[in-house]
Amino acid sequence: MKIAVASGKGGTGKTTVAVSLALAGQQPLQLLDCDVEAPNCRIFLQPTINPPQPVSVPVPVVDQEKCSRCGQCSALCQYHAIAVLETATLVFPELCHSCGGCRRICPEAAISEQEREIGQIFTGRRELVDWVEGRLNIGEAITPPLIRAVKRKARPQGTVIIDCPPGTACSLVAAVSGCDVVVLVTEPTPFGLHDLHLTVEVLRQLQLPLGVVINRSDIGDQRVEHFCARERIPIWLRIAHDRRIAAASARGEGLLAVRPELADDFRRLLENLTKLGGKEANR
Amino acid sequence: MKIAITTNGSNLEAPVGQRFGRAERFMVIDPATLEYQLVENPGDPAQGAGIQSAERVARLGVSALITGHCGPKAYRVLQAAGIEVYVGAQGSVAEVLEQHRQGRLQPAVGADVEGHWV
Amino acid sequence: MKPKEIVVVSGKGGTGKTSLMASLAVLASEPVLADCDVDAADLHLLLNPQIQTRQEFWSGKKASIRQADCFSCGHCRRLCRFEAVHTEASSVQAPLKYLIDPIGCEGCGVCVHFCPVQAIDFKDSRAGEWFVSATRQGPMVHARLKAGAENSGKLVAVVREQARRLAAEHNRELILIDGPPGIGCAVIAAITGASVVVAVTEPTLSARHDLERLLALARHFSIPVLVWINKWDLDPQMTADVELHCRELGAELLGRVRYDPLFVAAQIQGKTLVEFDSGEVAEEIRSGWQRLLQWLV
C-alpha cells in the first residue's frame, strides 16, 4: 500500500504529517523521502543514517574511431545532447535525458553508456520505520530519475509512505505515480486554497484517490472547507494551530512529541488508509 | 575564407546579434568582396539552442564566427569544428567586419557567458 | 541601461517568500513584476493582475499510439525508460491495448522511431501558458505550467525574458521576481544572471537546511545573496545562529521580519502587508527594502 503525502503549497506541514503518519504505525513500514531537492524527513524522524549510495543515470560515450559521422544519433536526440561534426561527435551529458535512443540507433555500434551521478540515496531506521531518502546533487536540474530510484526501494508488501515534493510539475508526478492514495496537506489561507485546487486537478488527471489534512486549521477562513465540501473531498484530519507545535517543528521535534494525543488521530488515519486501499476515497 | 556573423537583421547595416544561441540568422560573408548570404537559424528549443546553432554554423564552411555572447556548450562545438570565435562584437555587421579586418577583435578562449535557458 | 533583476527565493516553501515579495512590489517605484513560480503561482492573489495578453507555451513533444495501426507487439513498452507505456486488457481474446501516458511521456522519441509499424505519432506539446498583465504596481508577467510538465526552467526563462522586454518598453530600471521553491531547474533558470537573490528563510531546522542548499547553488552560479529572516521571533536563538553563519554560508543579511497573523489577514483581503497595515512588521519590511536599495547602488 503506497500512501503519498503531498501539498501544492510548500510549508503547510507535509513532511511533519508524513513523519507523524509513519511513526504512528504499529507494524514495520517504510518512509520514502522523495522531496529530493530539499529532503527534510530526516530532521523530524531522526533515524540512524547509513552511508549513502550514489544514484546515477546513463549517458552516451562515443567511440570516435567507430563513428562514421552519419548524424543519426543527433537527429534522433530531442535534447541536443549530441552534436555531430566532421571532426568529432560531441556529447553534452548535462542535457541528456538518458533515453538510450542514440545507443540504439547507431549503425556502427559506436555508442556505449556510462553512468553520471545525479544524487544520493540514504537509508536508515527509527523504531518501526525504515527510512529512504533521495538527495539531489547541487546544480543538477532534473529530478525524476532520482525520485524513481528512491521509489524502486519500496517493498512490494506492507505500507510505504512517500513524502512528495511541492508543486504540480514533473517532480510531483514522478513521486505520486503508482501510489494508492494521496494525502494532501493544506492550510486554510488563500494561497493554501489556490495551490490545493491546482494539485487536486493534477491528481484527478492521474486518477488518484485523495483526501485532505488541514493544518493550522484555525488561522484563516472557511474557503478550504467549502472547496472540499463542494468537490466531495474527504477531510481526514484537522490540526489546530499551536505555537508549541510550531516551536517544536522549528527545532526538528516531531508533532507527536508535543501533542502526544494526536498519535491516536494519526494511527486511526493510517489504519483507515490501509483499509481503504483507495476504493472509497474521493477520486 | 568566409566569416559568419550573427544578426537579427538582413543587411550589412544591421546590428550584430548579441546572443549566439538565439540568433535569428547568420550572415555568411566573404570579407574580400562583401558578398553575403543569409542563413536562417530557426528553432527555439528549451535547451541546447547554442549547440543547435553551432552545429548549423559548423556546416557553413566558415573559418570564423563573430557574435555578441557565446555560451560554453556552443563554444565547445565551434572549437571542435575548428572555427575561430570572436565575442563582444557590438555595432553593425559592416562595422564589426572592419574591426575584424583591422585585427581589433580578439579571438575568444572560451565562453563569455554561462549557459542557461534564456 | 540594463535593469536590475531581484529574485526572491527561499529553498524551503512556506517561509513567506511570496508575501514579502508582494510587499516589495508595492514599495518599489515603477517595477516590472514577474512570477516565476510557474507550477504553483500565488503572487496574483495579492497583486490582482488584469490579463492583457495570453500566449501558449510549447515545449518538447509527446508520443501517442494510433490504436488502429498498433498490433500490440509491446516493443515500445520495452524501450521506454520513463515508465510511460501502460497496458489495458480489453477482453480475454483481444490482445493487450498499449497506451502512452501523456503526463509520464518525456518526449524522447525512441518508441516513435523504433515502432516496427510506425504506429506512434510524435506531436509538439503545449506545456503551459504565460500572461502579460497590468497591476496597480506595474506590468506583470506570470505563467501556468501544465500538470506534470517538464522544462519548467524554460517557462521560467520565458517569463524573465518577457519581463526584460517590458522593462525596456516601459523604460523601467527594476525587475522584481517571485521565484520558485527548491533548487532544481526552475530555480536555476530564475536566478542565473540576476543582479541579486533575496533568500527568505525562517528560524527552523528545515528552512536552515534548505537555505544552505540554496546558498550552495547561488555560489555555484556566482550570484550574490541577501538573506531575509522571516518570523524571526519564533526562535530568536536560532535566528541569531543563522545570522552568525550567513557570512560563512557566503551571504549577507538583509534583515528580519517578525511573525505576524496580519500576514494571513492581509492575504484573505487580497492585499500585501504594507498596504494592509502600517505597524511594526510593516516597518521591518520597509527597512529591508531600504537596505536592499542601498545594496543595489
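Residues numbered from 1 in each chain as written. Chains lettered and ligands numbered in written order. Predicted model: local features only at pLDDT ≥ 70, side-chain atom pairs only at ≥ 80, totals over all residues.

### Quick word on the overall build of chain A
Part 1 of the reasoning: Summing up its helical and strand segments, chain A has 11 helices and 12 strands in all.
Part 2 of the reasoning: Taking the principal axes of its C-alpha atoms as reference, chain A extends roughly 70 × 40 × 35 Å.
Part 3 of the reasoning: Within the span of chain A, comprising 283 residues, buried residues form 55% of the whole.
Part 4 of the reasoning: Put simply, of all contacts in chain A between residues at least 6 apart along the chain, 74% involve residues at least 24 apart. (Helix = DSSP H or I, 4+ residues; strand = E, 2+ residues; numbered from the N terminus. Buried ≥ 20, exposed ≤ 12 C-beta atoms within 10 Å, placed from the backbone. Contact = placed C-beta atoms within 7 Å.)

### What to know about the interface of chain C and chain A
Part 1 of the reasoning: Every contact between the two is made by 52 residues of chain C and, on the other side, 50 residues of chain A.
Part 2 of the reasoning: Put simply, the parts of the chain that give the side of chain C that touches chain A at least two residues each are strand 3 (50–65), helix 4 (110–114), helix 5 (152–169), helix 6 (185–191), helix 7 (205–220) and helix 9 (262–268) of chain C.
Part 3 of the reasoning: Broken down by element, the side of chain C that touches chain A gets its largest block of residues, 8 residues, from helix 7 of chain C.
Part 4 of the reasoning: Classifying every residue of the side of chain C that touches chain A gives 22 nonpolar, 20 polar and 10 charged. (Nonpolar A, V, L, I, M, F, W, Y, C, P; charged D, E, K, R; others polar.)

### Here's the deal with the domain arrangement of chain A
Part 1 of the reasoning: The domains assigned to chain A are domain 1 (2–54 + 119–276) and domain 2 (57–117).
Part 2 of the reasoning: On a C-alpha basis, the centres of domain 1 of chain A and domain 2 of chain A stand 39 Å from each other. (Domains from an automatic or database assignment.)

### Remarks on the interface of chain A and chain B
Part 1 of the reasoning: Listed as interface residues are 9 residues of chain A and, on the opposing side, 14 residues of chain B.
Part 2 of the reasoning: Residue composition of the side of chain A that touches chain B, by class: 7 nonpolar, 2 polar and no charged.

### Re unusual backbone geometry
Part 1 of the reasoning: Positive phi, close to 50°, is recorded for A:Glu127, a residue that is not glycine.
Part 2 of the reasoning: Along the chain, A:Glu127 turns up in the loop between strand 7 (111–126) and strand 8 (129–136).

### Let's talk about the pairing of strand 6 (residues 120–135) of chain C
A regular strand places its side chains so that they alternate between the two faces of the sheet.
Residues and elements named next belong to chain C.
Part 1 of the reasoning: Across 13 bridges, the pairing between strand 3 and strand 6 is antiparallel. When the bridges of strand 6 are listed, Lys61 appears paired with Asp124.
Part 2 of the reasoning: As defined by bridge partners, strand 6 adjoins strand 7 (residues 138–145) across 8 bridges and the pair is classed as antiparallel. Residue pairing for strand 7: Thr135 is matched across the bridge by Gly138.
Part 3 of the reasoning: Connecting the antiparallel pair strand 6 and strand 7 is a turn made up of 2 residues. (Pairing = 2+ DSSP bridges.)

### Here's the deal with the pairing of strand 10 (residues 225–230) of chain C
Residue and element names in this part refer to chain C.
Part 1 of the reasoning: Buried residues dominate strand 10, accounting for 6 of its 6 residues.
Part 2 of the reasoning: Residues Val225, Val227 and Ile229 point to one face of strand 10 and Leu226, Trp228 and Asn230 to the other, with burial holding for every one of them.
Part 3 of the reasoning: On the question of chirality, the crossover connecting strand 9 (residues 196–201) to the parallel strand 10 by way of helix 7 is right-handed. (Right-handed = clockwise from strand over helix to strand, strands pointing away.)

### What to know about the environment of B:Gly50
All names here are of chain B.
Part 1 of the reasoning: Along the polypeptide, Gly50 turns up in helix 1 (residues 49–58).
Part 2 of the reasoning: Classification of Gly50 by C-beta neighbours within 10 Å gives buried; the count is 29.
Part 3 of the reasoning: Each C-alpha atom, one on Gly50 and one on Leu78, is 9.9 Å from the other, the two residues being 28 residues apart in sequence.

### Side note on the nonpolar core
Part 1 of the reasoning: With 158 residues, the main nonpolar core has A:Val5, A:Ile162, A:Val176, A:Val182, C:Val159 and C:Ala199 as its most contacted residues.
Part 2 of the reasoning: Per-element accounting of this core gives the leading share, 8 residues, to helix 5 of chain C.
Part 3 of the reasoning: Of all hydrophobic cores here, the second largest spans 51 residues; its members include A:Cys102, B:Val16, B:Val62 and B:Tyr86. (Core = buried A, V, L, I, M, F, W, Y, C linked by C-beta atoms within 7 Å.)

### Side note on the sheet that holds strand 9 of chain C
Residue and element names in this part refer to chain C.
Part 1 of the reasoning: Strand order in the open sheet made by the 9 strands is 3-6-7-2-8-1-9-10-11, with mixed pairing throughout. The open sheet is flanked by strand 3 and strand 11 (252–257), the only strands paired with a single partner. Neighbour to neighbour, the strand axes of the sheet diverge by 20° on average, direction disregarded.
Part 2 of the reasoning: Here 5 bridges tie strand 9 to strand 10, and the two strands are oriented parallel to one another. Across the sheet, Val197 pairs through a bridge with Val225, a residue of strand 10.
Part 3 of the reasoning: Along the sheet, helix 8 (residues 236–246) contacts strand 9, strand 10 and strand 11; its crossing angle with strand 11, the most-contacted strand, is approximately 165°.
Part 4 of the reasoning: Lying on the sheet, helix 11 (residues 280–296) is in contact with strand 1 (4–9), strand 9, strand 10 and strand 11; it crosses strand 11 at an angle near 165°. (Axes fitted to C-alpha atoms, helices over the stretch in contact; angles between N-to-C directions.)

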